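In case you want the letters, here they are:
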Amino acid sequence: MAFAVLLLAVSSCKKENNNKASETEDLTQIQEVSNANFSVEIWGVKSGFETGYNDIYFRVKDKTSGVYLQDASLSWYPEMHMMSMSHSCPNSTIAKMNGKQTLYKAYAIFTMATNATEYWDAKIDITKNGEVSTVIPVLNVVASSTKKVASFTGSDSKKYILAYIEPQKPKAAVNDLVLGLFLKNGMGFDAVQNLNIEVDPRMPSMNNHSSPGNENPVFNPSDNFYHGKLSLTMSGLWKLNLIVKNANNDIIGGKAVTQTEDSNLYLEVEF
Amino acid sequence: MWIFRRYILLVLWLAIADFLFAQEPDTSFTSLNEIVVSAKPVLDYKSQTKPLSSLDEYMEKMTNVGLIKRGNYAWEPMLNSMASERIAVTIDGMHIFGACTDKMDPVTSYVEVSNLKEINVSSGQSGASSRPSIGGSVDLVRNCHEYTSSGWSGAVNFGAESNASLVSAGAKVKYANHLFFTEANFMFRNADNYKAGKNTLVNFSQFTKHNASLTAGVKVAESQTLTASLIVDNATNIGYPALPMDVSLARAFITSLEHTAKAISPAIEAWNTKVYFNTLKHIMDDTKRPNVAIHMDMPGNSETYGLLSNAIVNVKKHKFIFGISGYYNRSLAEMTMYPKNPLEKPMFMFTWPDIRTLYLGLNTKDHWMINAHHHLNYSLHAGFQQNKIADEKGLQSMEIFYPKASPTKNRFLYGLQAGYTFEKNGFEVTFGSGYGERAPSVSEGYGFYLFNSFDKYDYIGNPDLKNEKSVDANVGFVYRNNKVKVNVNGNYFHIFNYIIGAINPALSPMTIGATGVRQYTQLPFAQIANANLELSYKPIWNLAFKGLFSYSYGTDNKQAYLPLIRPFSFRFNVNYTIKSFDFEVATEGAAKHYAYSENYGETATSAYAILNLSAGYKLLLPQYQLYVKVGVENIADTYYTTYADWNHIPRRGRNFFVSLSFVFDKTNRCH
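Residues numbered from 1 in each chain as written. Chains lettered and ligands numbered in written order. Predicted model: local features only at pLDDT ≥ 70, side-chain atom pairs only at ≥ 80, totals over all residues.

1. Regarding the overall build of chain B
On a plain count of helices and strands, chain B comes out with 5 helices and 33 strands. Against the 2.2 N^0.38 benchmark of 26 Å for 671 residues, chain B shows a C-alpha radius of gyration of 24 Å, consistent with a compact globule. Taking the principal axes of the C-alpha coordinates as reference, chain B spans close to 70 × 55 × 45 Å. Considering only contacts within chain B whose residues lie at least 6 apart along the sequence, 66% involve residues at least 24 apart. (Helix = DSSP H or I, 4+ residues; strand = E, 2+ residues; numbered from the N terminus. Rg over C-alpha atoms; globule rule 2.2 N^0.38 Å. Contact = placed C-beta atoms within 7 Å.)

This is the structure we're talking about:
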């Protein structure tokens, strides 16, 4: 029996070793923060955080055993600390990733970049065996080279955030388009599901060339995002001119593109 | 040779050359006798009105041939009022496909007159042997060698023209014995901007071209030869005044290896097999243009591998040709545009997304000499064509327009034709009919935002196009005696599934300045008819009058005119020879082009006529010949443009030319 347990331990250990590389394959470690018990690694697709939508990955190492936790429960609260106030941003809960042993994932849509006096941090609570342990890393957010998030006050006087989520790797093809639309609620944000988004992709450098075969995104409750199709006929900078309407077809934000003017509500994608 | 004879459309003015030179014993190094007998359009440049003309200028004088001009270089040939997509242009049967998405490099732009012996023009299905076509085929036949003479021969040519300061210089040298020959040929041309009539400078019309060719052959057995050939053509700094872009480089490598076996058996007259490869590179350039909306690079590449094999078999009164033809082409073109804001990334797209075309075909022809007066000829061909989008990104881009686009498309293409000739007492009557099919061209099938500066639309290919099909009929009547020749001929094409671009108002143009987007689609039918009248009169042996009158007509299924259809046009020549001198007065012109296609951006062109004069002198010695020609074209410096001038760019104004050819032939006839 003891032998069997030992064997199991060895094999599981081996398995973990084998998986170590693949756990964070294609990801880059952005930073690491620790407290007395745990060391939290923060990983991303890029080497840092940008304004707009970010997939953020976490691994938590038990400092005493040196083992990455597989069964912890993580929660977080990203927060912008401004001169006179603080606020959060649209984000998801942190969840263990399917098919991974030690990797946890969340997203955050940073609405502004870090500057000399204003910064983001995230309070991360690690719950293991009923005990809560906290780390608060400062997150350095740089401005994205293209506009990936738009904040606007709607004609209904509510404050919204509209974010570009997919395609993260755009192609000259029909891409799956995912946008996130959020309504400010106190210091937090709620996903909006009852509005309609119209997308008019244009290339400003090509005399506002547009593409066929686009499908306006519609709300999908599985991830609370809006899903549609985005055709890009070539690489380069595309401006997604946006109009947000309610069920009565009243414009909440944005306007139609004309010969002389684009929509005041837009996002960009460049590849 | 003369099996081809009735397929060949006689070139009027070349026949004049026949009159002039047929009197002379042939002492030049080309086997001119044979050619004169076959009455083919001979590219014996020494005997032309303007020796050292470009191949384009030669072709322009041919009946039923038109040339679309986008500048002073690389004119696009049309046959029977049909352009590149509907005709097959080959070099010695080899398929070559231009590398430019905007048709700035037709096959004919990659060879030189000095590379060629003759041009075989076959109308309609009579020429669709090695590649399916609708309008016919143009085969540029290279110089051949007969292993009958040994020693050195060669020529040095020089030409200069006042307009565009055009300089042409070339040299040719050949060594041969009864087992081996090798020939090297070089040609250089350089032109500045030309001047249209009324002293109007046409900017961006310059070009520089170098062409070198090397051929070597060896007799590997009695009546069997092996011939290797290479043409390198390199053109640079080519202006296209009718287009928004120029070309910095158009380069071709054209190679072949041919095995010929003659008189294999009493029945098998000859069997030729050829493998070939050619690669074309074409780079467009807008860096010299002022006020470019957006700077762009547009390189294009085309590579073709091919095989041809033909056997000529005589069975009683039948002369059969059995052939197989196969080629594999890769066409890839792309466009990168550079935004004015340097922080923005360049914009890239495939305009030809790495399209692979495989064609395999079988063909057979029979010329049946029923008796001295009645001849019948017929042919059949069948082929398989596969198109494939080899680049995954290209397929994904195509899916924007055609969500169900498949990476491959297979087609079968068939054709057949029959013709009859009756000949008696100088009268000749011919008539024939054919059915043919063609696959869409790479641009028609897969082109991506190809800007047509003529109608100002971006064109999108359509991979779902069906085969275009044509039923054609032709009729001809010839009367000739010692002094007079009359030739009336006409043809008619009824084309089903006619491929043409249709405006899709839902699409947004890509090119800055474009009006909209057209997608290739198919009309139920279109019809094209061409008619020619050729008259020649030779009252005395050294005086000849020639006239050619042509008219074409083309409409779509709604009776709207098709674009680029020739209006009534004419050419008239008088030639006079005395001793070693010859003189020519020629005039050419066209009536007003009222049957233009408004839908495709055409506007009317006015009637015009121009007058040309030339005089020649030749000195013929046993081993040396000297040819001198001087002349003036468009004497009145008329400012004019024709139906085939892209965006109505004006043609050349007054032009004085001189050309000198020195030929030496130190060979001894072996036989």
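Back to the write-up after that little detour.
2. Looking at the overall build of chain A
Counting its secondary structure elements, chain A contains 1 helix and 23 strands. Overall size of chain A, expressed as C-alpha extent along the three principal axes, is 75 × 45 × 35 Å. The burial tally for chain A puts 36% of its 271 residues in the buried class. Taking as baseline every contact in chain A between residues at least 6 positions apart, the subset at least 24 positions apart corresponds to 55%. (Buried ≥ 20, exposed ≤ 12 C-beta atoms within 10 Å, placed from the backbone.)

3. Quick look at the sheet that holds strand β6 (residues 136-142) of chain B
Residue and element names in this part refer to chain B. Taking strand neighbours across the sheet as the criterion, the 4 strands line up as β4-β3-β6-β5 in an open arrangement whose pairing is mixed. Bordering the open sheet on either side are β4 (94-95) and β5 (116-123), each of which pairs with just one other strand. Across 7 bridges, β5 lies against β6 in antiparallel orientation. Among the inter-strand pairings, E118 is bridged to a residue of β6, identified as V141. (Pairing = 2+ DSSP bridges.)

4. Some thoughts on the domain arrangement of chain A
All names here are of chain A. Domain annotation for chain A reports domain 1 (26-142) and domain 2 (149-270). Distance between the C-alpha centres of domain 1 and domain 2: 27 Å. In terms of residue class, the side of domain 1 that touches domain 2 is built from 4 nonpolar, 5 polar and no charged. (Domains from an automatic or database assignment. Nonpolar A, V, L, I, M, F, W, Y, C, P; charged D, E, K, R; others polar.)

5. Details of the confidence of the model for chain A
Chain-level pLDDT for chain A is 90 on average; 92% of the residues reach the 70-or-more range. Between residues 1-18 of chain A, whose pLDDT stays under 50, and residues either more than four places distant or in other chains, the model counts 1 contact. (pLDDT = per-residue confidence, 0-100.)

6. Quick notes on the sheet that holds strand β7 (residues 95-96) of chain A
Residue and element names in this part refer to chain A. The strand order across the open sheet built from 5 strands is β1-β2-β4-β8-β7, with neighbouring strands paired in antiparallel fashion. Only two strands of the sheet have a single neighbouring strand rather than two, namely β1 (28-34) and β7. The pairing of β7 with strand β8 (residues 104-110) spans 2 bridges and is antiparallel. Note that in β8 the partner of K96 across the bridge is Y104.

7. Focus on unusual backbone geometry
For the bond from A:E166 to A:P167, the omega torsion is 0 degrees, close enough to zero to count as cis. Assignment of secondary structure puts A:P167 in the loop between β14 (159-166) and β15 (174-185). The residue B:L564 is not glycine, and still its phi comes out positive at about 60 degrees. With respect to the helices and strands, the residue B:L564 is situated in the loop between β27 (543-556) and β28 (569-578). Residue B:L564 is classed as buried on the basis of its 22 C-beta neighbours within 10 Å.

8. Quick word on the nonpolar core
With 160 residues, the main nonpolar core has A:L74, A:L162, A:A163, A:L179, A:L181, A:L242 and B:I238 as its most contacted residues. It is β15(A) that provides the largest number of residues to this core, a total of 6 residues. Shared between two domains, this core holds at least three residues of each, these being domain 1 (26-142) and domain 2 (149-270) of chain A. Excluding its chain neighbours within four sequence positions, the residues that come into contact with A:L74 are A:F58, A:I94, A:Y104, A:I124, A:D125 and A:I126. (Core = buried A, V, L, I, M, F, W, Y, C linked by C-beta atoms within 7 Å.)

9. Some remarks on the environment of A:D200
Residue and element names in this part refer to chain A. As for its placement among the helices and strands, D200 is situated in strand β17 (residues 196-203). Residue D200 is classed as buried on the basis of its C-beta count, with 20 C-beta atoms lying within 10 Å. Look past the residues within four positions of D200 in its chain and what remains in contact with it is S210, N241 and V257.

10. Some thoughts on the interface of chain B and chain A
Tallying the contact residues gives 23 residues for chain B and 19 residues for chain A. It is helix α4 (residues 392-401) of chain B that contributes the most residues to the side of chain B that touches chain A, 6 residues altogether.

11. Observations concerning the pairing of β17(A)
Residue and element names in this part refer to chain A. Extensive coverage of β17 is indicated by the burial of 6 of its 8 residues. Direction of pairing for β17 relative to strand β21 (residues 237-245): antiparallel, over a ladder of 7 bridges. Bridge pairing in β21 links D200 to N241. Pairing analysis gives 2 bridges linking β17 to strand β18 (residues 209-210), with the strands arranged antiparallel. Within β18, the residue paired with R202 across the bridge is S210. Connecting β17 to the antiparallel partner β18 that follows it, the hairpin turn spans 5 residues, and N207 within it adopts a positive phi of roughly 60 degrees.

12. Description of the environment of A:T102
All names here are of chain A. For T102, the position within the fold is in the loop between β7 and β8. Note: C-alpha distance between T102 and T24 (78 residues apart in sequence) is 9.3 Å. The contact partners of T102, leaving out residues within four places of it in the chain, are E23, R59, Y68, L69 and Q70.

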